[in-house]
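Close look at the chain arrangement
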Amino acid sequence: TAYANDALGGLPAVDNTLMFEFETSAVLVTDTELVLTGLVGSGTPSTNSLAISCAPDHLSNTAQWSQSDGSLTMTVSADTSANTRYQCSFTLVHPSTMQEHPSVTLSAQGETVISPLAVLPEQGNTSALALTSVWC
């Protein structure tokens, strides 16, 4: 399951820290890629080194961001533990204009494959995009 909070809703063209959490019933081994998709409209240019912070610390501290398709690809740097909640955050620039709440998914690619799962808005969050948590 994945949950998120204030993703891309808010003041136009300003930095916004997005947070999400996930938990899996299986171990994600080193080099598995976690992919968040649907973060469309951000003003952050594509980069292979977008800073990301997670606790516990089992993901690389940088991720690949694609502005054109609104995807963030993160790499597992140390095997995760099953049934452990991981909390992550990263910063993107808000879209320059308001937009409808996009459909955001989280998937895993590698030795363990997790089909795209909807990222649910944090309860009570009414922003244009709210990342929340994914439970697998």
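Residues numbered from 1 in each chain as written. Predicted model: local features only at pLDDT ≥ 70, side-chain atom pairs only at ≥ 80, totals over all residues. Heavy atoms only, no water.

**Regarding unusual backbone geometry**
Put simply, the rule reads: Numbering of helices and strands runs from the N terminus, with a helix taken as a DSSP run of H or I at least four residues long and a strand as a DSSP run of E at least two residues long. The cut-offs for exposure are 20% and 50% of the maximum accessible area for each residue type, with area from a 1.4 Å probe on protein chains only; residues under the lower value are buried, those over the upper are exposed, and the others partly exposed.
Residues alanine 55 and proline 56 are joined by a peptide bond in cis, for which omega reads -10 degrees. Among the secondary structure elements, proline 56 is positioned in the loop between β4 (47–55) and β5 (62–66). A positive phi angle, close to 60 degrees, is found at asparagine 83, a residue other than glycine. Its place among the elements puts asparagine 83 in the loop between β6 (71–75) and β7 (86–93). On the basis of relative accessibility, which here comes to 54%, the residue asparagine 83 falls in the exposed class.

**A closer look at the environment of alanine 78**
Just so we agree on the cut-off: Note on contacts: a residue pair qualifies if any of its non-hydrogen atoms lie within 4.5 Å across the two residues.
Assignment of secondary structure puts alanine 78 in the loop between β6 and β7. Accessibility expressed as a relative area gives 27% for alanine 78, which makes it partly exposed. Counting along the chain gives 47 residues from alanine 78 to aspartate 31, while the straight-line C-alpha distance between them is 7.9 Å. In this view, alanine 78 contacts Leu28, Thr30 and His58; residues no more than four positions away in its chain are not counted.

**Notes on the pairing of strand β3 (residues 33–37)**
Worth spelling out the cut-off: Strand pairing follows a simple DSSP-based rule, namely that at least 2 bridges must link the two strands.
In this sheet, β6 lies alongside β3 in antiparallel orientation, the contact comprising 4 bridges. Residue pairing across strands places leucine 36 opposite leucine 72, the latter belonging to β6. Note that β3 and strand β8 (residues 105–109) share 5 bridges and pair antiparallel. Along β8, the bridge assignment pairs threonine 37 with threonine 105.

**Quick notes on the side chain of serine 107**
Locating serine 107 in the fold gives a position in strand β8. When its relative accessible area of 9% is taken as the criterion, serine 107 is described as buried. Beyond its immediate stretch of four places on either side in the chain, serine 107 contacts Glu33, Leu34, Val35, Ile114, Ser115 and Pro116.

**Topic: the packing of aromatic side chains**
Going by this rule: In this scheme Phe, Tyr and Trp rings, the latter by its six-membered ring, pair at centre separations within 6.5 Å, and the angle between planes marks the pair as stacked below 30 degrees, edge-to-face above 60, and tilted otherwise.
The tally for this structure, following the rule as stated, stands at 3 aromatic pairs. Centroid distance phenylalanine 20 to phenylalanine 22: 6.2 Å. Interplanar angle 25 degrees. Geometry classified as stacked. Owing to a relative accessible area of 3%, phenylalanine 20 belongs among the buried residues under this scheme. Here phenylalanine 22 falls in the buried class, since its relative accessible area comes to 2%.

**Description of the pattern of salt bridges**
Heads up, the condition is: By definition here, a salt bridge exists when the distance from a side-chain nitrogen of Lys or Arg to a carboxyl oxygen of Asp or Glu is within 4 Å.
A complete count under the given rule lists 2 salt bridges for this structure. Of the charged contacts, one joins arginine 85 and glutamate 21 as a salt bridge, the two residues approaching to 3.1 Å between their closest N and O atoms. In this pair, arginine 85 sits in the loop between β6 and β7 while glutamate 21 sits in strand β2 (residues 15–23), placing the two residues 64 residues apart along the sequence. A relative accessible area of 41% places arginine 85 in the partly exposed class. Between arginine 85 and glutamate 23 there is a salt bridge; the shortest N-O distance is 4.0 Å. Placement of the pair is arginine 85 in the loop between β6 and β7 and glutamate 23 in strand β2, with a sequence separation of 62 residues. Connected through shared salt-bridge partners, Glu21, Glu23 and Arg85 make up one network.

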